[in-house]
Structure formats: C-alpha cells, structure tokens
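Descriptive structure summary
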Amino acid sequence: MSDLSHPIFARLYPRLDAGCARAGGDAHRAELLAGTAGRVLEVGAGYGANFPHYPPEVTEVVALEPEPRLRARADHAAGAAPVPVTVRPGVAEDLDLDDASFDVAVVSLVLCSVRDPVRALAELRRVLKPGGELRYYEHVRGSTPGKVRFQRYADVVWPFFAAGCHVSRPTPEWIAGSGFTVRGERRFEFPAGRGNPASPHVLGVAVRD
C-alpha cells in the first residue's frame, strides 16, 4: 500500500510546520542537506519543506510521500525547487527502488511515524550505494528519566492526533544498529520547553557500511 490518508493532519501540518520553520526549523533543514550531492532519495517528503534547501550538487531528488494531499502539495513545490525533484507515492518499509541506486537518503521527521522503523532503515540501507549517506533530522526519545516517562504517557494518545507519530522512539540507536556508521550527530531541544514531549531532536549523518 503506497497511500496513507490522514486528511486532518495533512491540512494542519503545513501551518504548524511554518511556525517551526520561523523558530529555527528552516536552519535545521539547511544543515541537514548541506553538502549533499548526486542522486538523493527523500522518504516522507511531506509538503516539500526540504526542497528549497537542496544544494546544486544534487543531480536528482526522488521524493516519496504516502499521504495524497501532502503529496499534491509536494508536487507543486517541486516545480520551484532549485534541483530536479520527482514526487512519487511510496512507504518507507517497502521501497519500490533498485538496490544501491542512491548516493544519499534523507529522512526528516519521518521515522517517528513509520509503522516499522527498523524495516524502513533496512530498506534505506538497501537502496543506498556502499558508502552512501543517510541524513536524518528526527525528534526522538529524551535523555532524562523524567522526559522519557512523559513521552511514554504522551504516546498513549499522541499517535492518534499526529498521523501515527511516536515521541519516544530511540531512533539514533536503531540507525546505529541497522548497518550504518554514524559519522556525526547533534542532539538538541526544539522547540525548547519541558511541556513539549516532542522537543528532543537529533540531526546527523550516517554512512552505509
């Protein structure tokens, strides 16, 4: 199945993300994509928020988005992107793409919501060339016991309102255990605040072993 319909989330997310962009999210996306080159796969492209940040060294972006309303917006955004972008349906756990066919894979606020993140990471590794990069920008499990407890309580209801998003996933640990070597990683709170269960973030680069 390549379509996952979340109509309410699809209407609200671009507005919510616009606020995050002004607060620093755009800078995070630019940092995520700085230095990328060659053929890029972006999984869970949403409405295309990353597209303006791809550098000219990128020759092609294949952008997958399973939510049809967000995909339509991403397709529109692709027309203004500084590099060639093709938007397609697709889910992270079952990539209809050739082995070792991409130089870079990008996940941006995506692994929190996929149904099977470990399988998704295996698929991303499969389609990357040996030595290819995984660029990731995700909100993740917190670093203190109190934050983790708060996130586990939040995860009882959070996925129902946020299109399957979970706030307590140990995504960096899963990346490191899925055939990738982490080359650099930065953890930070965004937006900062004890009352936000999704504030712990990570931004990093890992290389396919």
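The structure under discussion appears in the preceding block.
Just so you know, these numbers come straight off a predicted model, no measurement behind them.

Scoring rules and cut-offs
Residues numbered from 1 in each chain as written. Predicted model: local features only at pLDDT ≥ 70, side-chain atom pairs only at ≥ 80, totals over all residues. Heavy atoms only, no water. Core = buried A, V, L, I, M, F, W, Y, C linked by side-chain atoms within 4.5 Å. Buried < 20%, exposed > 50% of the residue type's maximum accessible area, 1.4 Å probe, protein only. Helix = DSSP H or I, 4+ residues; strand = E, 2+ residues; numbered from the N terminus. Contact = heavy atoms within 4.5 Å. Phe/Tyr/Trp six-rings, centres within 6.5 Å; stacked < 30°, edge-to-face > 60°. Lys NZ or Arg CZ within 6 Å of the ring centre and 35° of its normal. Pairing = 2+ DSSP bridges. Axes fitted to C-alpha atoms, helices over the stretch in contact; angles between N-to-C directions.

Here we take up the nonpolar core. Of all hydrophobic cores here, the largest spans 25 residues; its most connected members are Leu41, Val43, Leu95, Val107, Leu124, Leu134 and Ile175. Put simply, the parts of the chain that give this core at least two residues each are β1 (38-43), β2 (58-64), β4 (102-108), α3 (117-127), β5 (128-139) and β7 (200-208). Looking at which element gives the most residues to this core, the answer is α3, with four residues. Beyond its immediate chain neighbours, meaning those up to four positions away, leucine 95 contacts Leu41, Val43, Leu64, Glu123, Leu124, Arg126 and Val127. With 21 residues, the next largest nonpolar core counts Val40, Tyr54, Phe188 and Leu203 among its residues.

Let us look at the packing of aromatic side chains. All told, the structure shown has zero aromatic pairs when counted by the stated rule. The cationic tip of arginine 39 hangs over the ring face of phenylalanine 102; the distance from NZ or CZ to the ring centre is 4.2 Å. If you follow arginine 186 out to its NZ or CZ, it ends over the ring of phenylalanine 188, 4.4 Å from the centre.

Let's shift gears to the environment of arginine 115. Mapped onto the fold, arginine 115 is located in the loop between β4 and α3. The spatial distance from the C-alpha of arginine 115 to the C-alpha of alanine 92 is 8.9 Å, given a sequence separation of 23 residues.

To continue, consider the sheet that holds β1. Strand order across the open sheet formed by seven strands is β3-β2-β1-β4-β5-β7-β6, with mixed pairing between neighbours. Here the strands that pair on one side only, and so sit at the sheet edges, are β3 (85-88) and β6 (180-189). Neighbour-to-neighbour, the strand axes of the sheet open up by a mean angle of 15°, direction not taken into account. Across six bridges, β1 lies against β2 in parallel orientation. Its bridge partner being in β2, arginine 39 is matched across the sheet by glutamate 60.

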